[in-house]
Amino acid sequence: MTGLFSEVFLSALLFGAVTAAIPLLLAGLGEQMSEKAGVLNIGIEGMMLAGAYLGFVGAFYSGSLWLGFLAGAAGGVAVALVMALLCVRIGLNQIVIGIALTLGLEGLTALLHHFQFSRSYPRLPAADATVIPLLSDIPVIGPAFFKHHLIVYLAVALVFAMSYLYRRTQLGLNLQAAGDKPAALDVAGIDVIRTRTIAVLTTGALAGLGGAYLANVGAGLFIPFITNGAGFLGIVLAMLARGRPIWVLFGALLFGVCLSLTTAMQVAGINIPTDVIQMLPFLAVMIMLVLFGRRASLPAALGIPYERGAR
Amino acid sequence: MSIDTAPTASATALDATSAAATRRDILRRLLMTLGPILIALIIAGCILLAVGVDPLAYYGYVLEKGLFSPLGIQQTLTRMAPLLFLAAGLIVAFRAGMWNLGGDGQFLLGAVTAAASAPVFVEIMPAWLALFCSFLIAMVVAMIWSLVPALLRAYQGVNEIITTLMMTFLGTSFANVLVKLAFRDPSTTVPQTRTLPVEDRLPRLFDTTITSGLLLGLATIIIVHLVMTRTAFGLKLRIVGANPRAAVHSGLGVPGLTVAVFAISAGLAGLAGAVDIIGVQGNVRADWNPAYGLAVIPAVFLARMNGFAAIGFVFLLSVLSIGGESAARRLGVPNTFTLVLVSIVLIVLALAEYVDHRYHQSRKA
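Analysis parameters
The numbers attached to residues start from 1 for each chain and follow its sequence in the written order. The naming scheme follows written order: chains are lettered A onward, ligands numbered 1 onward. Whole-chain, interface and lining totals are the exception, using all residues; otherwise, since this is a predicted model, local features are given only for residues with pLDDT of at least 70 and side-chain atom pairs are given and counted only at 80 or more. As a convention, hydrogens and water are excluded, and side-chain values are obtained from all of the structure's heavy atoms. The way it works is that DSSP assigns letters per residue, a run of H or I at least four long becomes a helix, a run of E at least two long becomes a strand, and they are numbered from the N terminus. For the radius of gyration, the atom set is restricted to C-alpha positions; the globular benchmark scales as 2.2 Å times the number of residues to the power 0.38. In this scheme, a residue with accessible area under 20% of its type's maximum is buried, one over 50% is exposed, and one in between is partly exposed, where area comes from a 1.4 Å probe on protein chains only. Note on contacts: a residue pair qualifies if any of its non-hydrogen atoms lie within 4.5 Å across the two residues. For Phe, Tyr and Trp, where Trp contributes only its six-membered ring, two rings pair if their centres lie within 6.5 Å, and the inter-plane angle classes them as stacked under 30 degrees, edge-to-face over 60, or tilted in between. In this analysis the charged atom, NZ for Lys or CZ for Arg, is taken to sit over a ring once it is within 6 Å of the ring centre and within 35 degrees of the ring normal. In this analysis the probe radius is 1.4 Å and the grid spacing 1 Å, with only protein atoms considered; a cavity is a set of points the probe fits into but cannot get out of, a pocket is an open set with protein on both sides within 12 Å along at least five of seven lines, and lining residues have an atom within 4 Å of a point. Grid points are joined across faces, edges and corners, and a volume is the space filled by probe spheres set on the points. Residues are grouped as follows: Ala, Val, Leu, Ile, Met, Phe, Trp, Tyr, Cys and Pro are nonpolar; Asp, Glu, Lys and Arg are charged; every other residue, Gly included, is polar. Accessible-area loss on putting two parts together, using a 1.4 Å probe and summing over both, is the definition of buried area adopted here. Any Lys or Arg side-chain nitrogen found within 4 Å of a carboxyl oxygen on Asp or Glu counts as a salt bridge. A fitted line through C-alpha atoms serves as each axis, taken over the contacting stretch for helices, and the angle formed by two N-to-C directions is quoted from 0 to 180°. Any angle that falls under 35 degrees is termed roughly parallel, while one over 145 is termed roughly antiparallel, one within 65 to 115 roughly perpendicular, and all others oblique. Note on convention: the crossing is left-handed when the near helix lies turned anticlockwise from the far helix by less than a right angle, right-handed when the turn is clockwise. Any pair of nitrogen or oxygen atoms within 3.5 Å is treated as a polar contact; in protein, a donor-acceptor pairing is required on top of that, and neighbouring residues in sequence qualify only through side-chain atoms on both sides. Patches here: salt-bridge-free residues with over 30% relative accessible area, like charges joined within 9 Å, nonpolar side chains (Val, Leu, Ile, Met, Phe, Trp, Tyr) joined within 5 Å. Note on areas: Shrake-Rupley with a 1.4 Å probe; residue coverage comes only from the protein chains shown. Only four residue types enter the tally: Lys and Arg on the positive side, Asp and Glu on the negative side; His and the chain ends are excluded. Just so you know, the charge point we use is NZ for Lys, CZ for Arg, CG for Asp and CD for Glu. Given the number of residues in a helix, its expected span is that number minus one, multiplied by 1.5 Å. Grouping buried Ala, Val, Leu, Ile, Met, Phe, Trp, Tyr and Cys residues that are joined through side-chain atoms within 4.5 Å yields what is termed a nonpolar core.

(A) Geometry of the overall build of chain A. Assigned secondary structure in chain A consists of twelve helices and two strands. Of the regular secondary structure in chain A, the N- to C-terminal order runs α-α-α-α-β-α-β-α-α-α-α-α-α-α. For a compact globule of 311 residues, the expected C-alpha radius of gyration is about 19 Å, and chain A comes in at 20 Å, within 12% of that figure. Once the C-alpha set of chain A is aligned to its principal axes, its extents read approximately 65 × 45 × 40 Å. When burial is assessed residue by residue, chain A has 56% of its 311 residues classed as buried. A separation threshold of at least 6 residues defines the contact pool for chain A, and within that pool the share at least 24 residues apart is 78%.

Following this line, the structure appears as structure tokens:
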């Protein structure tokens, strides 16, 4: 057991936690934005899968990770476009469409992967890490937190950018109003439908990027159903964070540790069936919900399509 | 959450003013269902064309294997049994305004406990009693599994969409743990539960391979429909669904009803698992997860939580999944194409429903 607590092991565990946390962070931030604007996005898992598949294919054929990320984000936006059209413009039920999109993308990405690669799972070369000088020399924490691909730092920076957006900008206020009192926003002369569409498309971009990171950096390959519930964890994160991006970050790190523990325990050869270990992150969610569930808050108009002059 | 789940008052069949009008209404509904399905098939066909598979051959197999061959239609009707139970459970939850999205977890745990208990019970008691007990256990286990989301929603107001989804992920893994550790059949190398002998499974109908679970499923969904539409209990649940605050003010015990709704809904999902195992599969293999629950959700919604319409949608889902499975095998398409097909059908149907609704409104106005 002493090996479990060695410096190298701890640092690898934390490194894995950050890597696992980034897709959840991006998905959570995205979901948070659309929830703020009053759209419950259950299709986020589908958006992540689209991002993971296109991100991988983009990086695989172009040889550039950044093009891969771009393709991933575009894939997420494409799915979000369908969602925005059906749920925001037309006002179909968000849960039904969200589930249908998730099912469809699960099938579609697995299908495309099959026809492209058959049963092989080609790998991407390991992503280059951007090493932050000085900070990365700190024992344990240094190698765990400051030797990542550049996009990791960008994702963390995004947390603060989002905080600023929600608190200090007109768009942030509009988003909030679109979720809490859409009619009031409409009266103020701002297009609710457009505000919500912006939110859903941004969600798609972030979720797609998260999926692309998951495939390209986290795993280095694409396998069907690779997200394995990450999108749904993103929904929980958004719900528990009560509209604050910084809490999404903390939550994502917590789940990241759980996910990383999962792999670490398998590597360490601890004799527990993988299924038990796989339950850990979801168990953590349930415990959090039991403890803090009451304090989770959702916008008043969440899930209700806005129809001009309906009431 | 107050997502619009209130059953929309549709033209009731009781309105006997003119039989012709109702017939026209039925015809219109049929058209509004078949038209979109055709459009969906064309869209999905384009995807098949894009990956280089002949869509006509694919659909030919789907129709032949899912609907027109004697064996195919029997398989389709057999597949309906668990789907009907799941749909019945969802109707209860949705009409009461609660989103039980945890059907898959409840289904799997019901399936695993039924698979573990049935082979033991048949050795010590008469077959009918053994199967009955297994059904009972599956139902109770699924009910217990839904207790956490139910209590959280009833007394803490925690959104059940999230909790039930999480419990599904937990349930899927937990069912696997049970199969691999506790209920594993020691006599085989594959991780699976003991197999229920074919002669001890649910009796087959007449001379076919259709399991009698189909009849149980049909009876269940019709009973659920009638309870929800014709009884005081059903009315109470619908009031809770339509307006929880009004329900509190009218003196209904909302927390208690909430727990009851979850118990019924989950219990039926557990029965769905049991009926699939005791009627068809005979055992549960590790990592088996047909994910029926998620696919049934939009179908029930499209049926507007109407039991009879749900039977129709479940039949469609069955044809697509059975036909899709064999078409996929024949043409080298991965089985996941069925998911694509089902999701396109669901989305186009939802759209058609909207267009129809709009058309009606504009005519009324």
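(B) Region of interest: the packing of aromatic side chains. Within the structure shown, the criterion is met by 16 aromatic pairs over all chains. Judged by centre distance (5.2 Å) and plane angle (80°), the ring pair of Phe60(A) and Tyr61(A) falls under edge-to-face. Residue classification places Tyr61(A) among the exposed residues on the basis of a relative accessible area of 53%. Centroid distance Phe94(B) to Trp99(B): 4.7 Å. Interplanar angle 50°. Geometry classified as tilted. A relative accessible area of 2% means that Trp99(B) is categorised as buried. Against the face of Tyr166(A) rests Lys36(A), its NZ or CZ located 4.4 Å from the ring centre.

(C) Representation of empty space enclosed by the protein. All names here are of chain B. Scanning the model with the defined rule gives four cavities of 30 Å³ or more in all. Surrounding the largest cavity, Ala299, Phe313, Leu316, Leu317, Leu320, Val342, Val345, Leu346 and Leu349 form its lining. Of all elements in the fold, only α13 (307–331) and α14 (337–364) reach the threshold of two or more residues within the lining of the largest cavity. Of the residues belonging to the lining of the largest cavity, the class tally is nine nonpolar, no polar and no charged.

(D) Structural context of the environment of Pro224(A). Residue and element names in this part refer to chain A. Structurally, Pro224 is set in the loop between α9 (192–219) and α10 (230–240). Residue Pro224 is classed as partly exposed on the basis of its relative accessible area, which comes to 24%. As for Pro224 and Arg119, which are separated by 105 residues in sequence, their C-alpha atoms are 11 Å apart. Ignoring any residue separated from it by four or fewer positions in sequence, one finds Pro224 in contact with Ala110, His113 and Tyr121.

(E) Up close: the interface of chain B and chain A. In this assembly, 49 residues from chain B lie in contact with 48 residues from chain A. When the two sides are added together, the surface that chain B and chain A hide from each other amounts to roughly 4200 Å², 83% of it contributed by carbon and sulfur. Of all residues in chain B, Met166(B), Phe169(B) and Leu170(B) bury the most surface against chain A, accounting for 14% of the area lost on that side. Those elements that place two or more of their residues in the side of chain B that touches chain A are α6 (147–156), α7 (160–182), α12 (292–302) and α14 of chain B. A per-element tally of the side of chain B that touches chain A places α7(B) first, with 14 residues. Residues that form the side of chain B that touches chain A fall into these classes: 36 nonpolar, nine polar and four charged.

(F) Looking closely at the pattern of salt bridges. Residues and elements named next belong to chain B. Counted under the stated rule, the structure contains six salt bridges over all chains. Linking Glu353 and Arg304 is a salt bridge whose minimum nitrogen-to-oxygen distance equals 2.6 Å. Taken together, the residues Glu353 in helix α14 and Arg304 in the loop between α12 and α13 connect sequence positions 49 residues apart. The class for Arg304 is partly exposed, based on a relative accessible area of 27%.

(G) Summary view of the packing of α6(B) against helix α11 (residues 254–281) of chain B. Residues and elements named next belong to chain B. Axis separation between α6 and α11 bottoms out at 9 Å; the angle between their running directions is 155°. Accordingly, the angle class assigned to the pair α6 and α11 is roughly antiparallel. Between α6 and α11 lies a crossing whose hand is right-handed. Every residue of α11 that contacts α6 at Leu147, Pro149, Ala150, Leu151, Arg153, Ala154 and Tyr155 is listed here: Pro255, Thr258, Val259 and Phe262.

(H) A look at the side chain of Ser146(B). All names here are of chain B. As for its placement among the helices and strands, Ser146 is situated in the loop between α5 (127–145) and α6. Given a relative accessible area of 2%, Ser146 falls into the buried group. A distance of 2.8 Å separates a polar atom in the side chain of Ser146 from the backbone oxygen of Met143. Leave out the neighbours within four places in its chain, and Ser146 touches Gln106, Phe262, Ala263 and Ala266.

(I) Looking closely at a positive patch on the surface. The grouping of Arg167(A), Arg168(A), Arg242(A) and Arg244(A) at the surface amounts to a positive patch. Mapped onto the fold, Arg242(A) is located in the loop between α10 and α11 (245–267).

(J) The arrangement of helix α3 (residues 65–89) of chain A in detail. All names here are of chain A. With 25 residues, α3 extends 34 Å between its outermost C-alpha atoms, agreeing within 8% with the 36 Å of an ideal straight helix rising 1.5 Å per residue. Capping of α3 at its N-terminal end is provided by Ser64; its side-chain oxygen lies 3.2 Å from the backbone amide nitrogen of Trp66. Taken from the residues just after α3, Gly91 is the one with a positive phi, measuring 85°.

(K) Representation of unusual backbone geometry in the model. In this structure, Phe225(A) is a non-glycine residue whose phi angle is positive, near 60°. Within the element layout of this structure, Phe225(A) appears in the loop between α9 and α10. By relative accessible area, which is 36% here, Phe225(A) ends up partly exposed. Even without being a glycine, Asp287(B) presents a positive backbone phi close to 65°. As for its placement among the helices and strands, Asp287(B) is situated in the loop between α11 and α12.

(L) Spatial organisation of the nonpolar core. Membership of the largest hydrophobic core comes to 204 residues, with the highest contact counts inside it found for Leu25(A), Tyr58(B), Met166(B) and Phe337(B). The greatest single-element share of this core, amounting to 13 residues, is contributed by helix α3 (residues 70–95) of chain B. Discounting chain neighbours no more than four positions away, the residues touching Tyr58(B) are Leu48(B), Gly324(B), Ala327(B), Ala328(B), Leu331(B), Val333(B), Phe337(B), Thr338(B) and Leu341(B).

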